[in-house]
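# Architecture and fold: a report
Here's the letter readout for the chains.
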There are 2 protein chains.
Amino acid sequence: MNNFTFYSPTEFVFGRSTENQVGDLCVKHGAKRVMIVYGGGSVVRSGLLDRVKAALTSVGIEFVEMGGVQPNPIDTKVREGLKLAKDFAPDFLLAVGGGSVIDTTKAMAVGYYYDGDFWDLYEMVNCKKKATASKALPLGVVLTIPAAGSEGSGNSVITNTTTHVKVGIRYPMILRPKFAVMNPELTMTLPEWQTASGVSDMMAHILERYLSNTPDVQIGDRLAEGMLMAIMECAEKVITNPQDYEARANIMWSATVAHNDTCSIGRVEDWNSHAMEHEISAEYDVTHGAGLAVIFPAFLQYAAKHNPGKVAQLAHRVLGIADSGDASADAMAGALALKKWFSEKLHMPVTFAQLGIENPNLELLNTRLHNLKGEVLHGYMDLDAAATMEIYKQAL
Amino acid sequence: MNNFTFYSPTEFVFGRSTENQVGDLCVKHGAKRVMIVYGGGSVVRSGLLDRVKAALTSVGIEFVEMGGVQPNPIDTKVREGLKLAKDFAPDFLLAVGGGSVIDTTKAMAVGYYYDGDFWDLYEMVNCKKKATASKALPLGVVLTIPAAGSEGSGNSVITNTTTHVKVGIRYPMILRPKFAVMNPELTMTLPEWQTASGVSDMMAHILERYLSNTPDVQIGDRLAEGMLMAIMECAEKVITNPQDYEARANIMWSATVAHNDTCSIGRVEDWNSHAMEHEISAEYDVTHGAGLAVIFPAFLQYAAKHNPGKVAQLAHRVLGIADSGDASADAMAGALALKKWFSEKLHMPVTFAQLGIENPNLELLNTRLHNLKGEVLHGYMDLDAAATMEIYKQAL
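Note that the coordinates shown come from a computational prediction; the quantities given were computed from them, not determined experimentally.

### Some points on helix H14 (residues 385-394) of chain B
All names here are of chain B. Inspection of H14 places Ala387, Thr388, Met389, Ile391 and Tyr392 among the buried residues, and these make up the whole buried set. On its buried face, H14 is in contact with helix H9 (272-284), helix H10 (288-306) and helix H13 (362-373). The residue sitting at the N-terminus of H14 and contributing the capping side-chain oxygen is Asp384; that oxygen lies 3.2 Å from the backbone nitrogen of Ala386.

### Describing the environment of Thr262 of chain A
Residues and elements named next belong to chain A. Within the secondary structure, Thr262 sits in the loop between helix H8 (245-257) and helix H9 (272-284). A relative accessible area of 9% places Thr262 in the buried class. Residues Thr262 and Arg209, 53 residues apart in the sequence, show an inter-C-alpha distance of 9.8 Å. Apart from residues no more than four positions distant in its own chain, Thr262 is found in contact with Phe6, Leu223, Met227 and Val257. Within the local environment of Thr262, its side chain forms a polar contact with the side chain of Asn260, the two groups lying 2.6 Å apart.

### Brief notes about the pattern of salt bridges
Residues and elements named next belong to chain A. Summed over all chains, the structure comprises 43 salt bridges over all chains. In this structure, the salt-bridge partner of Arg16 is Glu185, at a minimum N-O distance of 3.5 Å. On the criterion of sequence distance, the pair formed by Arg16 in the loop between strand S1 (4-14) and helix H1 (22-28) and Glu185 in the loop between strand S10 (179-182) and helix H6 (192-210) is long-range, its members being 169 residues apart. One continuous salt-bridge network, built from bridges that share partners, spans Arg170, Arg176, Arg209, Asp261 and Glu269.

### Some thoughts on the relation of the copies chain A and chain B
Turning chain A through 180° and shifting it by 0.0 Å along the axis lays it on chain B, with an RMSD of 0.0 Å. On this basis, the relationship between the two copies can be described by a two-fold rotation axis. Across chain A, the rotation axis passes nearest the C-alpha of Pro9 of chain A, at a separation of 1.9 Å.

Definitions and limits used
Residues numbered from 1 in each chain as written. Chains lettered and ligands numbered in written order. Predicted model: local features only at pLDDT ≥ 70, side-chain atom pairs only at ≥ 80, totals over all residues. Heavy atoms only, no water. Buried < 20%, exposed > 50% of the residue type's maximum accessible area, 1.4 Å probe, protein only. Helix = DSSP H or I, 4+ residues; strand = E, 2+ residues; numbered from the N terminus. Contact = heavy atoms within 4.5 Å. Polar contact = N/O pair within 3.5 Å; in protein donor to acceptor, adjacent residues only side chain to side chain. Salt bridge = Lys/Arg side-chain N within 4 Å of Asp/Glu carboxyl O. Least-squares fit on C-alpha atoms with pLDDT ≥ 70 in both.

Have a look at this one:
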């Protein structure tokens with residue numbers, strides 16, 4: 001096990017009607033002037049935004065708001081938010097929505113104190129960030145979509161609309177939300193597509209950590225396997241009955257734990273499936289979680305051939321594959337079982353064609369991927385351009 | 001799943017040589033005047049105390065120290081510490097040791113601001129605390145014994161030397177350490193008895209949470225089961241080879257996660273085995289973890305007869321018992337398998353006699369238990385005096 005720091009200071013307030021506490025939570029965390037960030041119409045139509053604003057007003061907090069954050073959040077919206085923020089001078093940011101809204105809010109949180117264009121903090125130059133942040137505005141979250149885990153992480157992913165580069169930042173010490181209000185009732189009306197895409201995303205967050213060559217990380221492995229089993233059980237329930245509060249609650253909390261580093265302590269992580277998917281959603285604007293349901297089984301099939309150990313363990317402990325003594329065969333069976341599960345139980349696409357991309361420009365995706373990440377992607381396996389192309393083709 | 005708040009703000013700094021960071025961590029968390037609390041000779045003999053003091057001196061922190069905290073920490077030592085603290089006026093407390101040292105430090109942290117004898121905060125009057133704390137001195141930890149999980153919890157357990165009452169407090173919002181330095185190397189020299197007692201304790205912390213009637217808590221159940229499997233695998237390695245750093249590291253981190261509420265979200269917990277054990281260690285001054293190895297299998301045997309569901313699940317998923325369709329029989333097989341494992345793999349006592357108590361005064365223990373906790377102990381099962389006596393007798 002490698003040395004590590006685990007720091008998850010977010011106060012998670014979870015359960016029915018918890019959004020009513022948002023005013024008190026803002027006060028508790030020192031907010032006086034709040035900028036609310038949200039996305040599309042559902043937060044407005046459901047009355048949630050009005051309830052949040054009423055809660056802030058009731059405790060004497062002044063606020064401005066910015067709506068219209070879209071899925072796969074973009075740089076131009078961050079700049080729009082920063083302009084508004086510079087005028088209003090908030091001391092706290094409040095994200096009301098899912099991962100895209102939270103990631104936009106986080107970009108504003110670090111961008112606010114950066115003397116230059118915020119994209120410098122995201123942009124890779126020679127495999128390094130062009131600039132780094134040392135300070136961020138504090139932020140809170142009212143979560144409406146369980147998927148990204150951004151409510152508990154110090155991460156943010158933004159797409160550059162000019163260059164089509166989709167890239168993340170990671171500041172676990174300064175960018176984790178101060179609080180996250182999580183009411184599973186708010187997720188009951190999510191359509192199946194969004195629910196299932198969220199499940200794919202949270203499972204990928206666990207698998208990206210699980211796929212590690214660091215030896216002797218038993219506690220992280222077992223926590224990851226446990227989470228995956230709970231998510232798969234509850235996801236099947238939710239797809240069958242979207243009104244199942246209990247299953248919704250389990251999934252909502254699992255998405256948080258999947259991404260707050262609970263299962264990644266002391267190990268080198270992978271994240272190459274995410275990098276490969278980011279190229280797809282940046283170019284074709286597909287839902288990130290759906291893209292992962294396409295890429296991850298293909299990635300695992302490649303791993304079954306080249307580094308089967310951890311995939312075979314996953315197959316045995318999580319995916320119901322009996323140990324045949326042949327790790328590669330068991331890993332391949334596990335990869336195919338997961339692909340089948342994504343398709344049959346989650347109703348997710350598992351090929352480019354099912355994702356609605358009939359003739360993907362794989363050369364373009366692969367070239368951009370390696371331009372961004374370097375000649376070889378390091379991680380659970382070293383992947384050169386031929387390897388990533390093989391994985392992309394596997395997903396056709 | 002019930003509503004819950006999860007708040008674990010401790011900064012855990014884990015791995016080899018991490019104790020060298022203690023000065024910087026104190027500064028980061030605002031300390032200028034530190035009171036160091038520690039236990040017996042090993043912290044002194046190993047040179048750890050000197051290294052900690054050198055680290056504080058190097059960053060210009062003034063400090064006083066109090067050693068001599070004993071296992072099963074006592075009220076008189078807390079008062080001694082509080083007297084010293086009132087003279088020195090620290091702005092930060094630093095516990096260097098295991099659970100007993102941390103719990104003593106926590107008692108001082110809340111006692112420092114309480115206008116009266118600190119024991120009022122612990123004492124139960126009509127099943128309620130005599131007084132409650134709203135403020136605590138901040139504290140940090142350099143951990144040397146993985147067991148109690150106190151480095152990540154807001155709990156503290158102290159024994160009253162006059163009344164022989166051993167009782168805890170729980171302040172998750174104000175009493176969690178600001179940081180915890182955790183170097184598994186510091187645990188390599190722990191004797192087998194202390195290592196195994198620690199393992200029993202952390203497993204009990206998980207089981208006390210696991211044994212719940214709250215339905216639909218899949219994510220917590222799976223996390224708990226995963227932790228137990230990792231701990232059992234690594235405990236066997238450590239008992240075989242005490243110098244196995246990797247297994248020590250897994251166990252050290254597992255003890256923290258076992259007690260920082262990771263697996264207790266959204267459920268009613270039990271804790272009656274702990275209450276029953278506290279009576280044993282308060283009267284006979286045995287090691288808490290060893291007492292739990294005696295009580296827990298007896299408790300599970302009783303549960304197998306009266307509420308087998310969760311114990312059968314444990315048997316199937318963790319203890320290698322095949323599902324026979326008879327929950328009660330499987331639960332009993334699981335309870336006996338755990339007892340056998342404690343005895344054969346951990347070399348722990350599993351009866352009062354093996355614990356060195358030939359003729360325990362069960363009437364006294366049982367009377368004190370119900371005087372403290374009420375006529376019926378509520379939890380996974382409702383236990384009246386006849387029930388707890390049956391469990392105590394099962395452990396003979």
